[in-house]
Amino acid sequence: MATIERLGPEALCARCDPARFTFKTTSELDDLTGVVGQARATQAIEFGIGIHHDGYNLFALGAPGAGRHKVIRQLIERKAAAEPASSDWCYVNDFDQPHKPRVLELPAGTGVKLRRDIEQFIEDLRSAIPAAFESEEYRARRQELEHELKERQEHAFEELRQQAESHGMAMIRTPSGMAFAPMRKGEVLSPEEFQKLPETEQKRIEAVMTSLEEQLERIIHQVPQMRREGQRRIRELERDVTMSAVGHLIDELKKEYASLPKVVSYLDAVQQAVIDNADDFRRQEDGQEITILGIPLSRAAASASALRRFQVNVLIDRSGAGGAPVVYEDSPSYHSLVGRVEHIAQMGALVTDFTLIKPGALHQANGGYLILDARKVLTQSYAWEGLKRALSSREVRIESLGQALSLISTVSLEPEPIPLDVKVVLVGERLLYYLLNYFDPDFGDLFKVAADFEDTITRTKENDLLYARLVATIARQEGLLPLDPAACARVIEHGARMAADAEKLTIRLRDITDLLREADYWARQGGRDVVAGEDVQRALDAKIYRADRLRERLQDEIHRGTLLINSQGERVGQVNGLSVVALDNFAFGHPSRITARVRLGKGEVLDIQREVELGGPLHSKGVLILSGFLGARYAYDRPLSLSASLVFEQTYGEVEGDSASSAELYALLSALAEAPIKQSLAVTGSVNQHGEIQAIGGVNEKIEGFFDVCHHRGLTGDQGVLIPAANVKHLMLRRNVVEAVAEGKFHIYPVSTVDQGIELLTGVPAGERDANGMFPDGTINQRVEVRLLIMAEQARAYATPLEAEKET
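Residues numbered from 1 in each chain as written. Predicted model: local features only at pLDDT ≥ 70, side-chain atom pairs only at ≥ 80, totals over all residues. Heavy atoms only, no water.

1. Remarks on the overall build of the protein chain
Line of reasoning, step 1. When you go through the protein chain residue by residue, the secondary structure sums to 28 helices and 32 strands.
Line of reasoning, step 2. Reported as C-alpha extents along the three principal axes, the dimensions of the protein chain are approximately 165 × 90 × 50 Å.
Line of reasoning, step 3. Classification of the 808 residues of the protein chain by burial places 47% in the buried group.
Line of reasoning, step 4. Look at the contacts in the protein chain between residues 6 or more apart in sequence, and 77% of them connect residues 24 or more apart.
Line of reasoning, step 5. Counting 95 positive and 120 negative side-chain charges, the protein chain places the averaged centre of each group 1 Å from the other. (Helix = DSSP H or I, 4+ residues; strand = E, 2+ residues; numbered from the N terminus. Buried < 20%, exposed > 50% of the residue type's maximum accessible area, 1.4 Å probe, protein only. Contact = heavy atoms within 4.5 Å. Lys, Arg positive; Asp, Glu negative; His and termini not counted. Charge placed at Lys NZ, Arg CZ, Asp CG, Glu CD.)

2. Thoughts on the packing of helix H18 (residues 485–499) against helix H20 (residues 533–547)
The relative placement of two packed helices comes down to the angle between their axes together with the axis-to-axis distance.
Line of reasoning, step 1. Packing of H18 against H20 brings their axes to within 7 Å, and their N-to-C directions diverge by 35 degrees. When H18 is examined against H20, the residues Ala-486, Ala-487, Arg-490, Val-491 and His-494 are found in contact with a partner set consisting of Gly-533, Val-536, Gln-537 and Leu-540.
Line of reasoning, step 2. Of the residues belonging to the contact of H18 with H20, the class tally is 5 nonpolar, 3 polar and 1 charged. (Axes fitted to C-alpha atoms, helices over the stretch in contact; angles between N-to-C directions. Nonpolar A, V, L, I, M, F, W, Y, C, P; charged D, E, K, R; others polar.)

3. Focus on the pattern of salt bridges
Line of reasoning, step 1. Per the counting criterion, the structure on display carries 45 salt bridges.
Line of reasoning, step 2. Residues joined in a network through salt bridges with shared partners are Arg-497, Glu-701, Glu-704, Asp-708 and Arg-734. (Salt bridge = Lys/Arg side-chain N within 4 Å of Asp/Glu carboxyl O.)

4. Brief notes about the packing of aromatic side chains
Line of reasoning, step 1. Applying the stated rule across the entire model yields 17 aromatic pairs.
Line of reasoning, step 2. For the pair Phe-95 and Phe-310, a centre-to-centre distance of 5.6 Å together with 40 degrees between the ring planes defines the contact as tilted. Highlighted residues: Phe-95 in the loop between strand E2 (88–92) and strand E3 (102–106) and Phe-310 in the loop between helix H9 (299–307) and strand E9 (313–316), separated in sequence by 215 residues.
Line of reasoning, step 3. By relative accessible area, Phe-310 is classed as buried at 0%.
Line of reasoning, step 4. Centre to centre, the rings of Trp-384 and Phe-447 are 6.0 Å apart; their planes meet at 20 degrees, and the pair counts as stacked. A residue pair is termed long-range when its members are at least 10 positions apart, and Trp-384 in helix H13 (residues 383–393) and Phe-447 in the loop between helix H16 (443–446) and strand E19 (449–452) qualify at 63 residues. (Phe/Tyr/Trp six-rings, centres within 6.5 Å; stacked < 30°, edge-to-face > 60°.)

5. Description of unusual backbone geometry
Line of reasoning, step 1. Of note in this structure, Tyr-382 is not a glycine but carries a positive phi near 65 degrees.
Line of reasoning, step 2. Looking at the element boundaries, Tyr-382 is found in the loop between helix H12 (374–379) and H13.
Line of reasoning, step 3. The phi torsion at Glu-674 lies on the positive side, around 55 degrees, for a residue other than glycine.
Line of reasoning, step 4. With respect to the helices and strands, the residue Glu-674 is situated in the loop between helix H24 (661–673) and strand E27 (676–678).

6. Notes on helix H6 (residues 199–256)
Since the α-helix advances by 3.6 residues per turn, residues separated by three or four positions end up pointing in the same direction.
Line of reasoning, step 1. In a regular helix each residue adds 1.5 Å, so 58 residues correspond to 86 Å; H6 covers 84 Å between its end C-alpha atoms and thus fits that length.
Line of reasoning, step 2. Of all the bends found along H6, the most pronounced is centred on Val-246 and spans about 35 degrees. (Expected span 1.5 Å × (residues − 1). Bend = angle between axes of the 7 residues up to and from the residue.)

7. Things to note about the side chain of Asp-548
Line of reasoning, step 1. Tracing the backbone through its elements, the reader meets Asp-548 in the loop between H20 and helix H21 (549–559).
Line of reasoning, step 2. Judged by its relative accessible area of 5%, Asp-548 falls in the buried class.
Line of reasoning, step 3. A polar side-chain atom of Asp-548 sits 2.8 Å from a polar atom in the side chain of Arg-551. (Polar contact = N/O pair within 3.5 Å; in protein donor to acceptor, adjacent residues only side chain to side chain.)

8. A short note on the nonpolar core
Line of reasoning, step 1. Of all hydrophobic cores here, the largest spans 59 residues; its most connected members are Tyr-467, Ile-703, Val-721, Phe-746 and Ile-748.
Line of reasoning, step 2. Listing elements by their share of this core, those giving two or more residues are helix H17 (461–477), H18, helix H19 (509–525), H20, helix H25 (699–713), strand E31 (720–724) and helix H26 (735–742).
Line of reasoning, step 3. For this core, the leading source of residues is H17, giving 7 residues.
Line of reasoning, step 4. Structurally, this core is a two-domain feature, drawing no fewer than three residues from each of domain 1 (14–34 + 455–547) and domain 4 (553–769).
Line of reasoning, step 5. Excluding anything up to four places from it in sequence, Ile-748 contacts Arg-6, Leu-7, Leu-12, Ile-703, Val-721, Ile-723 and Val-741.
Line of reasoning, step 6. The next biggest cluster of nonpolar side chains, apart from the first, holds 48 residues, and it includes Val-598, Tyr-634, Leu-640 and Ile-693. (Core = buried A, V, L, I, M, F, W, Y, C linked by side-chain atoms within 4.5 Å. Domains from an automatic or database assignment.)

9. What to know about the sheet that holds E3
Line of reasoning, step 1. Within the open sheet, the 3 strands sit side by side as E3-E2-E9. Their pairing is antiparallel. Bordering the open sheet on either side are E3 and E9, each of which pairs with just one other strand. The sheet shows a mean angle of 30 degrees between the axes of neighbouring strands, direction not considered.
Line of reasoning, step 2. The sheet contact formed by E2 and E3 spans 5 bridges and is antiparallel. (Pairing = 2+ DSSP bridges.)

10. Things to note about a nonpolar patch on the surface
Line of reasoning, step 1. Nonpolar side chains collect at one region of the surface, where Leu-431, Leu-435, Tyr-438 and Phe-439 lie side by side and expose about 520 Å² of accessible area between them.
Line of reasoning, step 2. With respect to the element layout, Leu-431 can be found in helix H15 (residues 430–439). (Patch = residues over 30% accessible without salt bridge, like charges linked within 9 Å, V, L, I, M, F, W, Y side chains within 5 Å. Areas by Shrake-Rupley, 256 points an atom, 1.4 Å probe, with all protein chains shown as cover.)

11. Let's talk about the sheet that holds strand E1 (residues 58–61)
Line of reasoning, step 1. Sheet architecture is open: 5 strands sit in the order E10-E15-E18-E1-E19, paired in parallel fashion. Of all strands in the sheet, those with a lone pairing partner are strand E10 (326–329) and E19, marking the two edges. Averaged over neighbouring strand pairs, the angle between their axes works out to 20 degrees when direction is ignored.
Line of reasoning, step 2. Where strand E15 (residues 369–373) lies against strand E18 (residues 423–428), 5 bridges are found, and the strand directions are parallel. What sits directly across from Asp-373, in E18, is Val-427.
Line of reasoning, step 3. Its contacts with the sheet place helix H1 (residues 39–50) against E1, E15, E18 and E19, and it is angled at close to 155 degrees to E19.
Line of reasoning, step 4. On the sheet, helix H2 (residues 68–81) packs against E1, E10, E15 and E18 and is oriented at approximately 175 degrees with respect to E15.

12. Details of the pairing of strand E23 (residues 574–583)
Line of reasoning, step 1. In this sheet, strand E24 (residues 586–600) lies alongside E23 in antiparallel orientation, the contact comprising 10 bridges. Residue Ser-579 lies in a different strand from E24, and its bridge partner there is His-590.
Line of reasoning, step 2. Between E23 and the antiparallel strand that follows it, E24, lie 2 residues; Asp-584 among them carries a positive phi value of about 55 degrees.
Line of reasoning, step 3. Relative to strand E28 (residues 681–683), E23 runs parallel, the two being bridged by 2 bridges. The partner of Asn-576 across the bridge, within E28, is Ala-682.

13. As for the domain arrangement of the protein chain
Line of reasoning, step 1. Domain boundaries assigned for the protein chain yield domain 1 (14–34 + 455–547), domain 2 (81–86 + 321–452), domain 3 (127–282) and domain 4 (553–769).
Line of reasoning, step 2. The centre of domain 1, based on its C-alpha atoms, is set 95 Å off from the matching centre of domain 3.

14. Re the environment of Pro-84
Line of reasoning, step 1. Tracing the chain through its elements places Pro-84 in the loop between H2 and E2.
Line of reasoning, step 2. Judged by relative accessible area, which is 68%, Pro-84 ranks as exposed.
Line of reasoning, step 3. Sequence spacing of Pro-84 and Ala-324 is 240 residues, and the spatial spacing of their C-alpha atoms is 6.0 Å.
Line of reasoning, step 4. Among residues more than four places away in sequence, those in contact with Pro-84 are Gly-323 and Ala-324.

15. With respect to the state of the cysteines
Line of reasoning, step 1. Applying the stated criterion across every chain yields a total of 0 disulfides.
Line of reasoning, step 2. Here Cys-13 stays free of any disulfide, with the sulfur of Cys-16 as its closest cysteine sulfur at 10 Å.
Line of reasoning, step 3. Between Cys-16, a free cysteine, and Cys-488, which holds the nearest cysteine sulfur, the sulfur-to-sulfur gap is 7.3 Å.
Line of reasoning, step 4. By relative accessible area, Cys-16 is classed as buried at 3%. (Disulfide = S-S within 2.5 Å.)

Shown next, in the form of structure tokens:
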């Protein structure tokens, strides 16, 4: 029977010796200037932000709390500071198509200046144009034009009157208009006198009247044309007057912005619009108030509303900005990414114009860098599609979701798209990255650089000191008390525990920072100026106490006998398995009773958890491996004629994972060999078809879970846990467990094979096949093989009558 060496206390927890450190407190240590343990991710980020080609956006993947946001911002802000400031972006009115505002790209800081210049220009026009129209020159020229029009009309009528008089006719005004009547000696003939005239004279008069009436009709038709011509000339006069007021002001602006052709073109459009809408500047400020549907609207308000068309909407202002922009959008909805058009209520209706266009994160980061949380983007409706469309088209198009999805057909603003030059960095979990890569065909084209953040670094003497500097840096950045060497050593030890590996240290900055903050709190509560090791330990204990209500309840039910767990004696087909429960950031282990029953059957190992759909796929896989092991070792030349059932007793939720497959195999072998298993031992580890014990997760929590049960009942010196030998390097056990092992009250056994485990559990040799292929008598393997052989013979005996009946 092989002897399995118990692990000594030194193998159960890789302590950090405070005497190794030469500093008195961490305040003596220099700050870290680089990023600890993230060489791969750092290189990927530097490559991603350095390459300037389409699609080379970044996805930073890793576990939450790994410091991804902090590292990314540090690297990006350092590069962005050395880059030139990006452009200002403004929206202005398109006077020909007001529903399609024009966009202007301006040098940094120029947008606000242009807005102020236009505001001053409009303000100057509000006084210059009324003054020009109130000038004597304008009044004289207008009166001259009006007088000329009046004279033309009067001259036409006067000529007709004189012509009528020359033919003995009078032109008189009647209620129905102008008319002609015959005269004699300067007097108009009455109808009776006209009838007394000779017939020839009457006909002559009628012919003359007809001719005169035709001429009168032509003159009357010419009057509107004369008026239109006069109005045209007045409008030309007004345009000339407006131009005289606008021209020198607009010329000054054109001269100032001569290096910006688009601005000059816009100023030309402004000039033309001012000339076409000069009346908007001539309205009196104190005009009479008018009411529409009970809503008062003054002339001044109407004028101000009309003048909004000349404003400049500075969408993005880079005034005073040093370097390229770096933007983090915390709430990446569709509109917060691509911008939106707001509306205001007027007389019960919602109206909008180009001044109500608001920017999104893509506008703010244009020319720089945009950092987004991948999960938040994906959970916001249409935000992911909007982001992809902007990156693919390299432009930002501001439109509502209704427009983007063609859900509405009403006329709305269609702002000119803004060219997009931005580097997007998505931060998310590894699962999200791989799911997007697999399911979204556009993802690989748009996010070609993956920055994969490490969770741990290798634990060496050099890295222990580097970790101490990391602790010192965090303490200074957070304004915390410095740590003494014992406290720093305890933080390092806990870093290995969080990494679940004695040879690794976690670099999840959030967890480290939280521990330092809580240790700082307890040190201040104790009135100390330096954080001691006991403060770190108290912080750890307090954090566990806040989270372990469920663990205490579970342990209490075991102690009270509600949950049946034996820690003494021996039982056939029964073993103590170990499980881990993970609750948020707190995980704990506890023992579970695993039982096995065997009987004659068809070679099936029944997993009761799976049959009732309480077993996950990995657990079911582990159980199926048992059938392969049994058949290969004990029934390679004959049918496997047993039926076995396995179950986790008193479990009412899903069981997942294969870490209990070795325990289930031990229970099965015990039931077949009828060899009792020591209940003072618990087991964890998975098994393969060759009977090798494989590493599992949560080994520390599992050992401590069984230790707590035994400690409460009283340590006898026989109790312990069997773990895979491959898990020894992962041990970072609590101090009380290590002390109990040092005192010989508790034991940890590393096993590599099923045979080693079954020998420890039963105290009976497992046995190996001799030269004849036989197991030694009395060994576990021999007893199992004999039992299976008997079952095979019984199965054959039951099958013979049936076969004979078939033959007949």
